[in-house]
Number of protein chains: 2
Amino acid sequence: MNRTEPRTLAGFMELLPEEQILFNQMKEKIEKTYQKYGFLPLDTPIIELSEVLLAKAGGETEKQIYRFNKGETDLSLRFDLTVPLSKYVAKNYGNLSFPFRRYQIGKVYRGEKTQKGRFREFYQCDMDIIGDGELDVINDSELPSIIYTIFKELGFDRFTICINNRKILNGLFAYLGQKERAVEILRVIDKMDKIGKQAVSEELGKLEIDKQAIEKIMSFIAIEGNPDQKIQNLENLGIDNEVYTKGVEELKEVVKNIRLFGVPDTNFKVDLTIARGLDYYTGTVYETFLNDYRELGSVCSGGRYENLAEYYTDKKLPGVGISIGLTRLFYKLNELNLIKAEQKSIAEILIIPMVEDLEKPIALASQLRNLGVKTEIYLNEKKLKTKFKYADKLKIPYVIVVGEDEITNHKLKVKNMETGEEQEVIFDATKIKEIIR
Amino acid sequence: MNRTEPRTLAGFMELLPEEQILFNQMKEKIEKTYQKYGFLPLDTPIIELSEVLLAKAGGETEKQIYRFNKGETDLSLRFDLTVPLSKYVAKNYGNLSFPFRRYQIGKVYRGEKTQKGRFREFYQCDMDIIGDGELDVINDSELPSIIYTIFKELGFDRFTICINNRKILNGLFAYLGQKERAVEILRVIDKMDKIGKQAVSEELGKLEIDKQAIEKIMSFIAIEGNPDQKIQNLENLGIDNEVYTKGVEELKEVVKNIRLFGVPDTNFKVDLTIARGLDYYTGTVYETFLNDYRELGSVCSGGRYENLAEYYTDKKLPGVGISIGLTRLFYKLNELNLIKAEQKSIAEILIIPMVEDLEKPIALASQLRNLGVKTEIYLNEKKLKTKFKYADKLKIPYVIVVGEDEITNHKLKVKNMETGEEQEVIFDATKIKEIIR
C-alpha cells in the first residue's frame, strides 16, 4: 500500500496526552474563573462570510486571514473572537440582556510566519462586558480582579496588571498639537526601556516636535510612584485638555475600585506608556506581565472600547474586555516548566484483573465509577509486568490487582504508584475511595 | 457609515446564551463520562494538509470537504475525528501507551446541502480504544456501558443499544456465494420494516439470487428473541463458514460481558440487520436509538475496525470506537423539548447594590466567589426594577439587594426568583451559601 507520511502542519499545536491534560487543566481554570463571575458562555462558528468577518479588517490582519471559496461563497476563518462577538451582539441585540457579559474560549486562525512559539491556530480566551448605549466605568475595575484570580489559580504570585487610560495619551497629544503624530511618538516612547531617557528625547526632536512639547512628554513619561502618586502627578502636570482630564478621572476611579475588588497593590500598577492598538481602545487599557518573565510579553490584555459593533449596527455598544492567548501562553510556560499539573492522568485508579472471569473486577470498576472515581480497568490479556508498566507510563496514581486470592479473601491492596506503598483494604469501593482521595 | 448585515452562515449553529448553557451541559456530561472511564483527552488541528487528510477519502465525503490553498499549501478542514486520530496515532506511535484510550470532542466540517437539522459545522464526541497489534474483544463490551451511562446522564431511560457483528453478515454472504452482492442485499434487507417479508423475498429474487440462498437469508433475518435466543438461533442456522462462526462467537462474548459492565437487558439488543458503512467496520457494530423517537435515527454509533491507520503506517492498529453527533442531537432534542436544564444561568446569585459606596456589596461578591458560588454583581446605575428584570431575564435563581439599611442592620434578604420567597439572613457569605445550595 502507498503510505502517506502522517504529519501535522507547522504552526498548529498538537500535544501528547500528558501535555494535553495539562493544557486542559489550564483552560478549565480560566473557564471556571469566568463562570465564577457569572459570565455567559458563547460559541460562534469558525467559518464566517468574508463580507461579514472583514467588514472592518484591513492591513496586516487581512493578509493573514484564511480565506477561500466554497462553491460561490467567499468564506474566512475567524482571526479573533471580537469580530464574531460584534456580529453576534448586533444580530441578536433584541434577544440579549444588557450589560451582556460573555466569555468565549475557542480557536482562531492567523497565517503568520511560522516560528518557534508562534501559532497559526490558537486558543483565545476572551471575556467582555457590553453595555447598551452606556457602561459604567466601574466595570473596568472588575476585569483586573478576574485577571488576578486567573493567574493566582494558575499558580502565580509574582505578576503585574498594568493599567492605563487611552484618553490620557490622546488628551496629552491633542493638548500638544501632536494628534497626527501620536503613533510615531508612542513608538519612540516605547523604546524608553531599551535606549534610555536621553535618546528618547533626541528621537522626539527628530520628529520635529517643538522643545516645549518634548519637555512635557518627557515629564509625562518620567512620572513615577505608586498608582495614587502617579495620578496626583498627572493632575499636577498642567495639561489643560478635557479628554486628558476625563482620562485621569477614569484612571483614578479604576484604581480606587480595583482595590475594592480585592486586587492587592503588589499585583497592579499604573503604566502610562501602555497604548495597545491605536484605533480600537478608547479608555482603560490593560496588559499583564509575569514579573520574572517579562520577555513573554503581555499574557493578558484588553481594554475599554467606545463602540463594539458599529460596522453592523447603529446601536451604540460600549464595552470592556480582556483576552488570553492560551496556546502561546501554554507553550511558553510549559517550556519554562512553570505549570504545575495537579493530576497527570485522567484515571485516578487502574484495576488490573488477573483472573479468567472478569465479573468481580468489572463490578468493582463500576462501583468506583458510580462513586465518581475516574477508573480504568485493564482489559487485555497481558503479563502483570506489562500492566503495571502501562499504569506507570500513564502516571495513574493508584493500582489495584484483582486475582483469585483477592476475590476469595475479599481483600485488596491499593498500591500508591508514586511511593510504592501498599495499603490493604476490604473488597469495597467506598473503602478504596477513602484511601485514594 | 456603510453597514454590513450581521449574519451567520446557513448550516452553522449559533445559540442564544440560554441554549448555549444547555448545549454546554450536554457536552460536559459526555466529557465527564468519557473521563470517568479513564479516557485521555486529545485535541487535533481543524486544518490539515489535504494530502494527509484525504489519504483515504474519496467519493461523497471528498466532495463535501472544505478544501483550499493558503499560499502554496493545499489544505482541508477535518470532516471527522477518526482520520486525525489515525494520523495522530501513526505519528506518535512511539510515544503512546497501548491500549490507547482517547476521547476527542471537537468541531468537524462537511459542506452538505443545508436543510433543517443538518449542519455543516458540528461537534463530534468520539472515543476509541486502539490496540497495538491486537485488542481483546472484551473492549467491545465496555463501550456500550459508556453509551448507557451517557444517555442515563442525559436523562433518558428508554433507549436501546443495538449490537451486531459484521463477521456474521460477511460470513453469511460468503457462505452463500454472494460476497459481491453484499451491498445490494443489505439494501434490500434494510427495507424490511417498510415493505415486509414477502416483498423483501421478492426483491432478493430480482437480484438473481438462487432460491436456497434467499431462504437462508429470510430465515436469518427472521431470527427473533432475546440476545441469547438470537445467538442460539444463529448457531443453529447451519452456516458452515469460519468468519460467520467467529462473528457469532464474538457476539456471544460481547453480549455476556455487556451485562457484566452493567447494561440492563432493557437497554440493549442484538439487531442482525445493522451493518454501518461497508468497508470500515470488521467486527462488533453499534447503533443507539431513543425508543420513543426512532425517527431521530441512531444517536450514537460505532464499532470495531481491523486497522486504524493503514494509510499512514505498517503498524497494525485494531480499535473500537463510538461517536455522538452532538450538534444534530442537541438540535433535535431541543426541538422536541427533551433536554432538562439543571441550571438555566451561569450565575447562582445576583447582588444588586443600591448604595453609592460599593465597598460592602463588592466585598460580599468576592466572599461568595471565594466560597465557590458563581456570583454576579450588577454594576451599572439603574433603577431597582431594571436590575430585577435583568435577573429575571437571565433566570438567575437568587437575588440579594444591598442598600443602606442592609449594611447598617447587617442583615440581608435572599430572594428566590422562582418562588418569590424571601429569606432574611445576616450579612455573611457562608450563611447565604447555605440558603442557596
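All values derive from a computational prediction rather than experimental measurement. (Residues numbered from 1 in each chain as written. Chains lettered and ligands numbered in written order. Predicted model: local features only at pLDDT ≥ 70, side-chain atom pairs only at ≥ 80, totals over all residues. Heavy atoms only, no water.)

**Some points on the sheet that holds strand β15 (residues 411–416) of chain A**
Residue and element names in this part refer to chain A.
Here is step 1: Pairing is mixed across the open sheet formed by five strands, whose spatial order is β13-β12-β14-β15-β16. At either margin of the open sheet sits one strand with a lone partner, and together these are β13 (375–377) and β16 (422–426). The average undirected angle you get between the axes of adjacent strands in this sheet is 25°.
Here is step 2: Pairing between strand β12 (residues 349–353) and strand β14 (residues 398–402): five bridges, direction parallel. Note that in β14 the partner of leucine 350 across the bridge is valine 399.
Here is step 3: The strands touched by helix α14 (residues 384–393) within the sheet are β12, β13, β14 and β15, with β12 carrying the most contacts at an inclination of about 170°. (Pairing = 2+ DSSP bridges. Helix = DSSP H or I, 4+ residues; strand = E, 2+ residues; numbered from the N terminus. Axes fitted to C-alpha atoms, helices over the stretch in contact; angles between N-to-C directions. Contact = heavy atoms within 4.5 Å.)

**As for helix α4 (residues 82–92) of chain A**
Here is step 1: Taken across its eleven residues, α4(A) has ten buried, putting it largely inside the fold.
Here is step 2: By the burial criterion, the buried members of α4(A) are A:Thr82, A:Val83, A:Pro84, A:Leu85, A:Ser86, A:Lys87, A:Tyr88, A:Val89, A:Ala90 and A:Asn92.
Here is step 3: On the buried face of α4(A), the contacting elements are β2 (47–49), α2 (50–53), β5 (100–109) and β6 (121–130) of chain A together with α1 (17–36) of chain B. (Buried < 20%, exposed > 50% of the residue type's maximum accessible area, 1.4 Å probe, protein only.)

**Brief notes about the confidence of the model for chain A**
Here is step 1: Across chain A, the average pLDDT comes to 94, with 99% of residues at or above 70.
Here is step 2: On the interface metric, ipTM, the complex scores 0.95, and its pTM is 0.96. (pLDDT = per-residue confidence, 0-100.)

**Here we look at a positive patch on the surface**
Residue and element names in this part refer to chain A.
Here is step 1: Taken together, the side chains of Lys383, Lys385, Lys389 and Lys393 make up a positively charged region of the molecular surface.
Here is step 2: When you line up the elements, lysine 393 lands in helix α14.
Here is step 3: Assessed through its relative accessible area of 47%, lysine 393 is described here as partly exposed. (Patch = residues over 30% accessible without salt bridge, like charges linked within 9 Å, V, L, I, M, F, W, Y side chains within 5 Å. Areas by Shrake-Rupley, 256 points an atom, 1.4 Å probe, with all protein chains shown as cover. Salt bridge = Lys/Arg side-chain N within 4 Å of Asp/Glu carboxyl O. Lys, Arg positive; Asp, Glu negative; His and termini not counted. Charge placed at Lys NZ, Arg CZ, Asp CG, Glu CD.)

**Some remarks on the packing of α1(B) against helix α12 (residues 326–335) of chain B**
All names here are of chain B.
Here is step 1: With their axes 11 Å apart at the nearest point, α1 and α12 run at an angle of 125° to one another. In terms of orientation, α1 and α12 fall into the oblique class. Handedness of the α1/α12 crossing: right-handed. Across the interface between the two elements, Glu19, Leu22, Phe23, Met26, Lys27 and Ile30 from α1 touch Leu326, Thr327, Leu329, Phe330, Leu333 and Asn334 from α12.
Here is step 2: In terms of residue class, the contact of α1 with α12 is made up of eight nonpolar, two polar and two charged. (Parallel < 35°, antiparallel > 145°, perpendicular 65-115°, else oblique. Left-handed = near helix turned anticlockwise from the far one by under 90°. Nonpolar A, V, L, I, M, F, W, Y, C, P; charged D, E, K, R; others polar.)

**A short note on the relation of the copies chain B and chain A**
Here is step 1: Once chain B is rotated about the relating axis by 180° and shifted along it by 0.0 Å, it coincides with chain A to within an RMSD of 0.1 Å. Here the two chains are linked by the operation of a two-fold rotation axis. Identified as the residue of chain B closest to the rotation axis by C-alpha distance is B:Phe68, at 3.0 Å.
Here is step 2: Interface residue correspondence from chain B to chain A reaches 100%, placing this contact among same-surface, isologous pairings. (Least-squares fit on C-alpha atoms with pLDDT ≥ 70 in both.)

**Topic: the interface of chain B and chain A**
Here is step 1: At the interface, 95 residues of chain B touch 95 residues of chain A.
Here is step 2: Carbon and sulfur atoms make up 60% of the area that chain B and chain A hide from each other, which totals about 8,700 Å².
Here is step 3: Between chain B and chain A we count 14 salt bridges in total.
Here is step 4: A salt bridge links A:Lys107 to B:Asp43, with the nearest nitrogen and oxygen atoms 3.0 Å apart.
Here is step 5: Broken down by element, the side of chain B that touches chain A gets its largest block of residues, six residues, from α1(B).
Here is step 6: Looking at the side of chain B that touches chain A residue by residue, the classes come out as 49 nonpolar, 19 polar and 27 charged. (Buried area = accessible area lost by both parts, 1.4 Å probe.)

**Examining the packing of aromatic side chains**
Aromatic ring pairs are described here by two measures, namely the spacing of the ring centres and the angle between the planes.
Here is step 1: Per the counting criterion, the structure on display carries 29 aromatic pairs over all chains.
Here is step 2: Seen from their ring centres, A:Tyr378 and A:Tyr390 are 5.1 Å apart, and the 80° between their planes marks the pair as edge-to-face. You can see A:Tyr378 sitting in the loop between β13 and α14 and its partner A:Tyr390 sitting in helix α14, a full twelve residues away along the chain. Like A:Tyr390, A:Tyr378 is buried.
Here is step 3: The interplanar angle of 45° and the centroid separation of 5.9 Å between the aromatic rings of B:Tyr148 and B:Phe159 together place this pair among those described as tilted. Of this pair, B:Tyr148 sits in helix α5 (residues 139–153) while B:Phe159 sits in strand β7 (residues 159–165); the two residues are eleven residues apart in sequence, bridging distant segments of the chain.
Here is step 4: Site record: aromatic cluster; members linked through ring pairs are A:Tyr66, A:Phe68, A:Tyr109, B:Tyr66, B:Phe68 and B:Tyr109.
Here is step 5: It is A:Lys70 that lies over the ring of B:Tyr66; its NZ or CZ is 5.0 Å from the centre.
Here is step 6: Here the basic side chain of A:Arg294 rests over the ring of A:Phe289, its NZ or CZ set 3.9 Å away from the ring centre. (Phe/Tyr/Trp six-rings, centres within 6.5 Å; stacked < 30°, edge-to-face > 60°. Lys NZ or Arg CZ within 6 Å of the ring centre and 35° of its normal.)

**A few points about the side chain of A:Glu348**
Residues and elements named next belong to chain A.
Here is step 1: Of note, glutamate 348 is situated in the loop between α12 (326–335) and β12.
Here is step 2: There is a polar contact of 2.8 Å between the side chain of glutamate 348 and the side chain of arginine 437.
Here is step 3: Not counting residues up to four positions away in its chain, the partners in contact with glutamate 348 are Gln343, Gly372, Val373, Lys374, Ile396, Pro397, Tyr398, Ile436 and Arg437. (Polar contact = N/O pair within 3.5 Å; in protein donor to acceptor, adjacent residues only side chain to side chain.)

**Thoughts on the pairing of strand β7 (residues 159–165) of chain A**
All names here are of chain A.
Here is step 1: Of all seven residues in β7, seven are buried; the element is thus mostly enclosed.
Here is step 2: Neither face of β7 is exposed, since Phe159, Ile161, Ile163 and Asn165 on one face and Thr160, Cys162 and Asn164 on the opposite face are all buried.
Here is step 3: In this structure, β7 lies alongside strand β9 (residues 281–290), joined through seven bridges in antiparallel fashion. Bridge pairing in β9 links asparagine 164 to valine 285.
Here is step 4: Here three bridges tie β7 to strand β8 (residues 268–270), and the two strands are oriented parallel to one another. Its bridge partner being in β8, isoleucine 161 is matched across the sheet by phenylalanine 268.

**Considerations on the packing of helix α8 (residues 192–206) of chain A against helix α9 (residues 211–221) of chain A**
For any two helices packed against each other, one specifies the inter-axial angle together with the distance between the axes.
Residue and element names in this part refer to chain A.
Here is step 1: Two elements in contact, α8 and α9, have axes whose closest approach is 9 Å; the angle formed by their N-to-C orientations is 165°. Looking at the two axes, α8 sits roughly antiparallel to α9. Between α8 and α9 lies a crossing of right-handed hand. For the pair α8 and α9, the contacting residues are Met192, Lys197, Val200, Ser201, Leu204 and Gly205 in the first and Ile214, Ile217, Met218 and Ile221 in the second.
Here is step 2: Along the lines of polarity and charge, the residues of the contact of α8 with α9 split into seven nonpolar, two polar and one charged.

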